[in-house]
Amino acid sequence: MRRIVSFLIVTAILIALAWWIADLPGTVGASIGDIAVRLPTSWALVGFLVLLVVLYIVMRLIVMVVRLPSRTKRMRSARAQKAGSEAVTKTLLALAGGDSETARRQAQRSRSLLGDTPQTLLLAAYAGRQAGQLEEADTAFNLLAGRKDAAFLGYRGLLQGAIARSDWDAATTLARQAEEVNPGAPWLRAERARLATRAGNWKEALALSGAGDPRTVLGVAAADAEPDSAQALKLAKQAWQTNQAFTPAALSYARRLRERGKDKRALMEVLRVTWGLAPNPALAEFALAPITDPLMRASRVATLAAAAPQHGETYLMRARLAFEVGNLTDARAHAEAAQRAGLDQRRVWLLLADIGERSGDVVATSDALLHAASADLDPQWRCEACSTAHLEWHPVCSNCGALGQIGWGGAGTGSARLQIAAAGDPILP
Ligand SMILES: [Zn+2]
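Residues numbered from 1 in each chain as written. Predicted model: local features only at pLDDT ≥ 70, side-chain atom pairs only at ≥ 80, totals over all residues. Heavy atoms only, no water.

J.: What should I look at first to understand the pattern of salt bridges in this one?
T.: Pairs can form between side chains of opposite charge once their charged atoms are near each other. Throughout the structure, instances matching the rule amount to 15 salt bridges. Arg255 serves as the salt-bridge partner of Asp224, at 3.6 Å between the closest nitrogen and oxygen. Here Arg255 lies in helix 12 (residues 247-259) and Asp224 lies in helix 10 (residues 215-225), a separation of 31 residues in the sequence. Overall, Asp224 belongs to the partly exposed group, its relative accessible area being 41%. The exposure class assigned to Arg255 is partly exposed, which follows from its relative accessible area of 32%. Linking Asp263 and Arg258 is a salt bridge whose minimum nitrogen-to-oxygen distance equals 2.6 Å. (Salt bridge = Lys/Arg side-chain N within 4 Å of Asp/Glu carboxyl O. Helix = DSSP H or I, 4+ residues; strand = E, 2+ residues; numbered from the N terminus. Buried < 20%, exposed > 50% of the residue type's maximum accessible area, 1.4 Å probe, protein only.)

J.: Sorry if this is basic, but what is going on with the packing of helix 3 (residues 100-114) against helix 4 (residues 118-130) here?
T.: Orientation of helix 3 relative to helix 4, taken along the N-to-C sense of each, is 160°, at an axis distance of 8 Å. By the angle between their directions, the pair helix 3 and helix 4 is classed as roughly antiparallel. In the packing of helix 3 onto helix 4, the handedness of the crossing is left-handed. Together, Ser100, Ala103, Arg104, Ala107, Gln108, Ser110, Arg111 and Leu114 of helix 3 and Thr120, Leu121, Leu123, Ala124, Ala127, Gly128 and Gln130 of helix 4 make up the contact between the two elements. Along the lines of polarity and charge, the residues of the contact of helix 3 with helix 4 split into seven nonpolar, six polar and two charged. (Axes fitted to C-alpha atoms, helices over the stretch in contact; angles between N-to-C directions. Parallel < 35°, antiparallel > 145°, perpendicular 65-115°, else oblique. Left-handed = near helix turned anticlockwise from the far one by under 90°. Contact = heavy atoms within 4.5 Å. Nonpolar A, V, L, I, M, F, W, Y, C, P; charged D, E, K, R; others polar.)

J.: What should I look at first to understand the coordination of the zinc ion in this one?
T.: Each pair of donors in an ideal octahedron of six around a metal sits at 90 or 180 degrees, and each pair in an ideal tetrahedron of four sits at 109.5 degrees. Around the zinc ion, the protein contributes the donor atoms Cys383 (SG), Cys386 (SG), Cys397 (SG) and Cys400 (SG), which lie 2.2 to 2.3 Å from the metal centre. Seen from the zinc ion, its four donor atoms lie at angles of 104 to 115°, and the figure they make is tetrahedral. Each donor residue of the zinc ion lies on one chain, and together they are spaced C-x2-C-x10-C-x2-C. The exposure class of Cys383 is buried, given its relative accessible area of 1%. A relative accessible area of 26% means that Cys386 is categorised as partly exposed. (Donors = N, O, S within 2.8 Å, 3.2 Å for Na, K, Ca; no water. Tetrahedral: all angles 85-135°; square planar, octahedral: opposite > 155°, others 65-115°.)

J.: Sorry if this is basic, but what is going on with the packing of helix 14 (residues 281-288) against helix 15 (residues 294-307) here?
T.: Any two packed helices are characterised by how steeply their axes cross, that is the angle between the axes, and by the distance between the axes. Following both chains from N to C, one finds helix 14 and helix 15 inclined at 145°, their axes separated by 10 Å at the closest point. Crossing of helix 14 against helix 15: the hand is right-handed. Here Ala284, Ala287 and Leu288 of helix 14 come into contact with helix 15, specifically with Arg297, Arg300, Val301 and Leu304. Here the contact of helix 14 with helix 15 is composed, by residue class, of five nonpolar, no polar and two charged.

J.: Looking at this structure, how should I read the confidence of the model for the protein?
T.: Should the pLDDT be low somewhere, the predicted coordinates at that spot are not to be read in detail. Averaged over the protein, the pLDDT score is 90; the fraction of residues at 70 or greater is 96%. Per-element confidence in the protein is highest for helix 17 (residues 328-340), whose mean pLDDT is 97, and lowest for strand 1 (residues 27-32), whose mean pLDDT is 79. Contacts from residues 412-418, a stretch scored under 50 in pLDDT, to residues over four places away or in other chains number 18 contacts. (pLDDT = per-residue confidence, 0-100.)

J.: I keep staring at a nonpolar patch on the surface and nothing clicks. Help me out?
T.: Taken together, the side chains of Val46, Val50, Val54, Val58, Met59, Ile62 and Val66 make up a nonpolar region of the molecular surface, amounting to roughly 610 Å² of accessible area. Mapped onto the fold, Ile62 is located in helix 2 (residues 41-97). The exposure class assigned to Ile62 is partly exposed, which follows from its relative accessible area of 47%. (Patch = residues over 30% accessible without salt bridge, like charges linked within 9 Å, V, L, I, M, F, W, Y side chains within 5 Å. Areas by Shrake-Rupley, 256 points an atom, 1.4 Å probe, with all protein chains shown as cover.)

J.: For this particular structure, what's the right way to read the pairing of strand 5 (residues 406-409)?
T.: As a general feature of sheets, a regular strand has side chains that alternate between the two faces. Residues Ile406 and Trp408 of strand 5 are buried on one face, and the alternating residues Gly407 and Gly409, pointing to the opposite face, are buried as well. Note that strand 3 (residues 380-383) and strand 5 share four bridges and pair antiparallel. Pairing of Arg382 across the sheet is with Gly407, part of strand 5. (Pairing = 2+ DSSP bridges.)

J.: Hey, could you run me through the domain arrangement of the protein in this one?
T.: Interface size is commonly expressed as the accessible surface area that is lost when the partners come together. Examined at the domain level, the protein breaks down into domain 1 (84-208) and domain 2 (215-377). Taking the mean C-alpha position of each, domain 1 and domain 2 sit 51 Å from one another. Across the contact, five residues belong to domain 1 and nine residues belong to domain 2. Summing both sides of the interface, domain 1 and domain 2 together bury roughly 620 Å²; the carbon and sulfur share of this comes to 73%. Contact with domain 2 buries area across many residues of domain 1, yet Trp202, Lys203 and Leu206 alone supply 92% of it, more than any other trio. A salt bridge links Glu226 to Lys203; the nearest nitrogen and oxygen atoms lie 3.3 Å apart. For the interface between domain 1 and domain 2, the tally reads two residue pairs in polar contact (both at pLDDT 80 or more). Looking at which element gives the most residues to the side of domain 1 that touches domain 2, the answer is helix 9 (residues 202-208), with four residues. (Domains from an automatic or database assignment. Buried area = accessible area lost by both parts, 1.4 Å probe. Polar contact = N/O pair within 3.5 Å; in protein donor to acceptor, adjacent residues only side chain to side chain.)

J.: So what exactly am I meant to see when it comes to unusual backbone geometry here?
T.: Glycine aside, a negative phi is what most residues show, and trans is what most peptide bonds show. The residue Ser166 is not glycine, and still its phi comes out positive at about 60°. Within the secondary structure, Ser166 sits in the loop between helix 6 (151-164) and helix 7 (168-181). Residue Ser387 is not a glycine yet carries a positive backbone phi of 70°. Its location among the elements puts Ser387 in the loop between strand 3 and strand 4 (389-390). Of the residues examined, Ser387 reaches a relative accessible area of 47% and is grouped as partly exposed.

J.: What's the story with helix 8 (residues 186-199) in this structure? I'm lost.
T.: For an α-helix, 3.6 residues make a turn, and residues three or four places apart therefore share a direction. For helix 8, which comprises 14 residues, the first-to-last C-alpha distance of 20 Å matches the rise-based estimate of 20 Å (1.5 Å per residue) to within 8%. Within helix 8, burial applies to Leu188, Glu191, Ala193, Leu195, Ala196 and Thr197. Against helix 6, helix 7, helix 9 and helix 10 lie the buried residues of helix 8. Among the residues trailing helix 8, Gly200 stands out with phi positive, at a value near 75°. (Expected span 1.5 Å × (residues − 1).)

J.: Where do I start with the pairing of strand 2 (residues 35-40) in this structure?
T.: Burial runs low along strand 2: only zero of the six residues are buried. Here strand 1 folds back onto strand 2 in antiparallel fashion, the turn holding two residues, of which Gly33 has a positive phi close to 65°.

So, in structure tokens, the structure goes:
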């Protein structure tokens, strides 16, 4: 309706204008040399308007001709963009489907259509890598690394390649370069931590570790590798404070306190606390190592025992001390208490056999030896990842390379729990 009204109004205005022009009085004259032209005013006005329209059309045609090359270029570019975009999509689809040759072909097509952009270079690199063309992939990653706007992508790809071929020196250099162009990237942090762990650079691994990493293990390893004794003490203390139930952390901290002449403090503030949380014979062995006086040894055992009086390890520690001083009655009583507390293990039966032998009880000795043969295996350091037994604790399993998986526990007995140092949950079921 509005259109009809507008049309009628415009038509009316034009008709009125035509009438007005037609009714204009007078004439318009012009002369060039001997030629003189004289027209009615209405004809002259119409002619002038027609001349303006013709001039406008001519100007438009001239502009169109001038702009034709750039317009053609834009159209070609738009077509290349569209085809390039399609090639990018096809590359992604081929990569996702594992069709690496198609991915390579389409990636090259996208590069020729769109040029070397971060997107096309990255696709070409991943297509090359998926096809096993590692040099081709590295060339594309190097081109990316040379660009200011995408250097991190290049270093990331090159770093992944170096890790895949176990070139740890190159990987470390690339990680440093990547850190320079994108400081603090979470992915890079994790990779750098992994590299530091592999290289045994425990201090850096600890500094780069996150919430899910075995910080206690890294802390103990860093303390053990630290040449500066004050730093080592600090690292060991931090590690123990992270998980006070972890024996290697307690031993590492206590050893450094002992080196500084603070053996009493090591016993009272570290070993006793850890014994109360997770008794381990290595703690008792460490506590008693420098002491030869029987009374002082008994005092130390009593200190530890008071922290976990009902624990099987405590009874066994008491039994060993009593056996050591020749108190065979107490030794037997404590060893049997250890068994009642759940330690039906070979080492307890062997101690009972020793007690029987020293007391001249042949029957008790042979009975204990018989039981020892079928008793639970003794607890030991064992990798939870590959079940390899280790004589000593290590941060990394020498068999499978797992970090922080070596814990203290029984082997297949079901009676002992594996003690693993992990943030937040020190003892796993
Ligand atoms: Zn292992």
